[in-house]
Amino acid sequence: MHRRNMLKSVAALPLLSLCPSLPELAVAAGSPSRRVRPSDPAWPSAAEWQKLNDAVGGSLLPVHALFAPCESEPDSAACQDVYKNIRNPFYIGDQPGGTQVSGWLDAWTPAPSVWAVRARNAADVAATVNFARTHNLRLVVKGGAHSYLGTSNAPDSLLLWTRAMNQVVLEDAFVPKGCEGKVAPTAAVTLGAGCVWIDAYSVVTTRGGRYVQGGGCTSVGVAGLIQSGGFGSFSKGFGNAAAGLLEAEVVTADGRVRIANACRDPDLFWALKGGGGGTFGVVTRLTLRTHELPAAVGSAWGTVKAKSDEAFRQLIARYVALYASSLSNPHWGEQVHVNSDNSLKISMVQQGLSRDEARAVWQPFFDWVSASPDYTVTEKLGASGGHRPQSWWEIEGNSSMIPDKRPNASPDHGWWEGDQDQVGVYLHGYESLWLPASLLKEAAQRRLTEALFAASRHKDVELHHNKGLAFAPAEAIRASLDTAMNPAVTEAFALAIIADGERPSYPGMKRPPMDLEAAHKDARAIDMANDELRKVAPDPGSYVSESNYFNRNWQQAYFGANYPRLQAIKKKYDPDGLFFVHNGVGSEEWSADGFTRLG
Ligand SMILES: Cc1cc2nc3c(=O)[nH]c(=O)nc-3n(C[C@H](O)[C@H](O)[C@H](O)COP(=O)(O)OP(=O)(O)OC[C@H]3O[C@@H](n4cnc5c(N)ncnc54)[C@H](O)[C@@H]3O)c2cc1C
């Protein structure tokens, strides 16, 4: 694929021969208030693109929409290849025009950049940043392509694609540069910005016998997730992923390659820990703290369906009480779903407990359900523990993982079966809010139960317990508070996610027409469910990476009191707003498409 694109890029260069006259170029390129599009006279000439291509060792590629081969030749092998692989997140991640989400109703539609640099190192990134700044181009940065908000693709742009920077190096005694003598050496892992989390887990855990806090979805990019704060299944024990960042190599808008850590550019370092991707610079390398592996891991599962609304209320109340008494600790993470069909679905994981300890936690709840005529167990209930943590992310022989079976795919690459539905999803709506732990107090449990029940009349509500950090160890909370995320995360027992969509609908993809009326109805139902939860959590905060595209109060929701500090850092490192993303720090100063500076 890359080879073919490179050949095409060389072939395409002579076509771009409409060189602008020099005065036009100077006027348009000199004005940072309006970015240049391919139709503008100031768009770089073929010779200038060629110069960039030379500077980045031939890594400049033209970008095509995922289904572009099907437009001209629907029967071609290239077109069939896209259909065959479109449910494989690693295939999507390998395409310069790939996005893991196929769009969002009334929000955004995937659109390829004009050109991409498949950067090999920080020097390639710096050359590209300088080129984009000099020519006043709309620059887009992409890693694992998992942005729900569509912030890693934009039409008429130049794409900086980090995928090729995927080295993983274990460090025995890492000291951030400039921190010698001030910070104790620690075990760590250094990851190229193009790595996805399974690359890290395979080296750190499966083969290295240690733990690194990253994301749950194996194909999510490491740099995108760290810059959003980031949660994995065991975050309740280790804090958010950004809290583990020790150092980042980052290219800022001035083209400088910086090493940011607690001792060098500490303000930029802090902003990179959860201040939002694609905003402060291009991260090329990250070093994260590693931890001892937990002694054991396990899970709890099953689905219970209530036979009446009243019985469902009682089921929710019983679960809330169980969570408050026995699950609100660093061991338990992941999800329970409060569903609109009056069912409660349990998909929890734990670290640190034996099988007997895990069962002892859940057995009273399971016994109560089984003893009542008001409930049907529609998926067997159970709890486990004592499993070997080193096998958690192993692909081979793991019945919960789907391996990437493409020829030449890395044997380390695979994705959770439970994540399959999300691959290429087209979103109708998405909302998240942090539910404060104060709602678990005995006096408040009834209100919480009522709110969950009322919300579930509109849509299924997912409680992601690992994405709220209340009840995490004090050290994890302290480190998470030293990130740019909304501090509300540390007081929340769960992130409630209400979202829905449908199967992939990429531009150019053949599929039955979308039922737009039903899709809009679904979006409204998500809003109504969210309104019910807001009655008990009026000012909740929302997770930047898993949030509502249309949130008008995003500054406060994503970052809380941290927003003014983030704005100041943005002004310092990117005064002309080279880095723009939808609802990113400083984006208020730009039009929605990031092309025109407002005011
Ligand atoms: C299916 C799915 C599952 C998910 N699971 C989880 C989960 O388990 N836990 C969780 O916390 N979140 C999860 N997320 C959200 C995810 O963490 C964020 O969307 C994250 O930003 C994705 O990073 P990426 O590199 O894969 O995506 P991209 O779309 O490539 O990037 C996301 C943003 O970060 C920017 N960015 C990427 N790389 C760089 C870089 N090197 N330097 C500067 N900016 C960069 C991009 O410009 C973009 O704005 C999930 C999302 C999806 C779609």
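I will try to describe carefully the structure that is included in this document.

**Looking at the overall build of the protein**
Link 1 in the chain: Scanning the protein from N- to C-terminus turns up 18 helices and 21 strands.
Link 2 in the chain: Computed over its C-alpha atoms, the radius of gyration of the protein comes to 24 Å, within 12% of the 25 Å expected for a compact globule of 599 residues.
Link 3 in the chain: In terms of overall dimensions, the protein has C-alpha extents of about 80 × 65 × 50 Å along its principal axes.
Link 4 in the chain: By residue count, 58% of the 599 residues in the protein fall in the buried class.
Link 5 in the chain: Considering only contacts in the protein between residues 6 or more positions apart, those separated by 24 or more positions represent 74%.
Link 6 in the chain: With an accessible surface of roughly 23700 Å², the protein has 53% of that area assigned to carbon and sulfur atoms.
Link 7 in the chain: Within the protein, one finds 57 positive and 61 negative side-chain charges whose respective centroids are separated by 2 Å.

**Things to note about the nonpolar core**
Link 1 in the chain: Judged by nonpolar contacts, the single largest core of 76 residues is most densely connected at Trp197 and Trp393.
Link 2 in the chain: If sequence neighbours within four positions are ignored, Trp393 has contacts with Ile198, Tyr201, Thr205, Thr206, Tyr211, Phe234, Met401 and Trp416.
Link 3 in the chain: Counting 50 residues, the second largest nonpolar core, distinct from the first, contains Val320, Leu344, Ala451 and Leu533.

**Describing the pattern of salt bridges**
Link 1 in the chain: For the coordinates displayed, the defined rule picks out 27 salt bridges.
Link 2 in the chain: Across the pair Asp124 and Arg120 runs a salt bridge whose closest N-O atoms are separated by 2.7 Å.
Link 3 in the chain: Close ionic contact of Asp522 with Lys459 constitutes a salt bridge, the shortest N to O distance being 2.6 Å. You can see Asp522 sitting in helix 16 (residues 516–534) and its partner Lys459 sitting in the loop between helix 14 (442–456) and strand 20 (461–464), a full 63 residues away along the chain. Neither residue differs from the other here; Asp522 and Lys459 are each classed as buried.
Link 4 in the chain: Each of the salt bridges in this network shares a partner with another, and the network as a whole consists of Asp94, Arg163, Asp404 and Arg406.

**What to know about the site of the ligand**
Link 1 in the chain: Close contacts around the ligand come from 33 residues, with Val141, Gly143, Ser152, Phe231 and Tyr543 the closest.
Link 2 in the chain: Val141 is positioned with one of its backbone polar atoms (N or O) 2.6 Å from an oxygen atom of the ligand.
Link 3 in the chain: One nitrogen or oxygen atom from the side chain of Thr151 is found 2.8 Å from an oxygen atom belonging to the ligand.
Link 4 in the chain: Isolated, the ligand exposes 940 Å² of accessible area, and the fraction of that covered by the protein chains is 95%.
Link 5 in the chain: Where the shell around the ligand is concerned, the elements lending two or more residues are strand 4 (139–142), helix 9 (222–226) and strand 11 (282–289).
Link 6 in the chain: Taken together, the residues that form the shell around the ligand break down as 13 nonpolar, 18 polar and 2 charged.

**Concerning the sheet that holds strand 5 (residues 158–161)**
Link 1 in the chain: The strand order across the open sheet formed by 4 strands is 1-3-5-4, and the pairing between neighbours is mixed. Here the strands that pair on one side only, and so sit at the sheet edges, are strand 1 (60–62) and strand 4. Sheet twist, expressed as the mean angle between neighbouring strand axes with direction ignored, is 30°.
Link 2 in the chain: Where strand 4 lies against strand 5, 4 bridges are found, and the strand directions are parallel. Of the residues in strand 5, the one forming a bridge with Val140 is Leu159.
Link 3 in the chain: Lying on the sheet, helix 3 (residues 46–55) is in contact with strand 1, strand 3 (115–118) and strand 5; it crosses strand 1 at an angle near 130°.
Link 4 in the chain: Sheet contacts for helix 7 (residues 122–135): strand 3, strand 4 and strand 5; angle to strand 5, the most-contacted strand, approximately 165°.

**Considerations on the state of the cysteines**
Link 1 in the chain: Scanning all chains against the criterion turns up 2 disulfides.
Link 2 in the chain: With a sulfur-sulfur separation of 2.1 Å, Cys70 is cross-linked through a disulfide to Cys79. Taking the torsion about the sulfur-sulfur bond, which here is approximately 105°, the covalent link between Cys70 and Cys79 counts as right-handed.
Link 3 in the chain: Under the relative-accessibility criterion, Cys70 is labelled buried at 10%.
Link 4 in the chain: For Cys179, the disulfide goes to Cys263, at an S-S distance of 2.0 Å.

**Some thoughts on the packing of helix 12 (residues 309–327) against helix 14**
Link 1 in the chain: Where helix 12 contacts helix 14, the two axes come as close as 9 Å, and the packing angle between them is 130°. Between helix 12 and helix 14, the angle falls in the class oblique. In terms of crossing hand, the pair formed by helix 12 and helix 14 is right-handed. In this structure, helix 12 uses Asp309, Phe312, Arg313, Ile316, Ala317, Val320, Ala321 and Ala324 to contact helix 14, whose residues at the interface are Gln445, Leu448, Thr449, Glu450, Leu452, Phe453 and Ser456.
Link 2 in the chain: By residue class, the composition of the contact of helix 12 with helix 14 is 9 nonpolar, 3 polar and 3 charged.

**Let's talk about the pairing of strand 11**
Link 1 in the chain: A large share of strand 11 lies buried, amounting to 6 of its 8 residues.
Link 2 in the chain: Here 5 bridges tie strand 7 (residues 186–192) to strand 11, and the two strands are oriented antiparallel to one another. By the bridge assignment for strand 11, Gly192 is matched with Arg285.
Link 3 in the chain: The sheet contact formed by strand 9 (residues 245–251) and strand 11 spans 6 bridges and is antiparallel.

**What about the packing of helix 12 against helix 13 (residues 355–371)?**
A pair of packed helices can be characterised by two numbers: the angle between their axes and the separation between those axes.
Link 1 in the chain: Running from N to C, helix 12 and helix 13 point in directions that differ by 165°, and their axes come no closer than 10 Å. Judged by the angle between their axes, helix 12 and helix 13 are roughly antiparallel. Seen along the crossing, helix 12 lies across helix 13 with a hand that is right-handed. Mapping the contact onto sequence places Gln314, Leu315, Arg318, Tyr319, Leu322, Ser326 and Leu327 in helix 12 and Val361, Trp362, Phe365, Trp368 and Val369 in helix 13.

Criteria and thresholds
Residues numbered from 1 in each chain as written. Predicted model: local features only at pLDDT ≥ 70, side-chain atom pairs only at ≥ 80, totals over all residues. Heavy atoms only, no water. Helix = DSSP H or I, 4+ residues; strand = E, 2+ residues; numbered from the N terminus. Rg over C-alpha atoms; globule rule 2.2 N^0.38 Å. Buried < 20%, exposed > 50% of the residue type's maximum accessible area, 1.4 Å probe, protein only. Contact = heavy atoms within 4.5 Å. Areas by Shrake-Rupley, 256 points an atom, 1.4 Å probe, with all protein chains shown as cover. Lys, Arg positive; Asp, Glu negative; His and termini not counted. Charge placed at Lys NZ, Arg CZ, Asp CG, Glu CD. Core = buried A, V, L, I, M, F, W, Y, C linked by side-chain atoms within 4.5 Å. Salt bridge = Lys/Arg side-chain N within 4 Å of Asp/Glu carboxyl O. Near = heavy atom within 4 Å. Polar contact = N/O pair within 3.5 Å; in protein donor to acceptor, adjacent residues only side chain to side chain. Nonpolar A, V, L, I, M, F, W, Y, C, P; charged D, E, K, R; others polar. Pairing = 2+ DSSP bridges. Axes fitted to C-alpha atoms, helices over the stretch in contact; angles between N-to-C directions. Disulfide = S-S within 2.5 Å. Parallel < 35°, antiparallel > 145°, perpendicular 65-115°, else oblique. Left-handed = near helix turned anticlockwise from the far one by under 90°.

These values are about where atoms sit, not about what they do.
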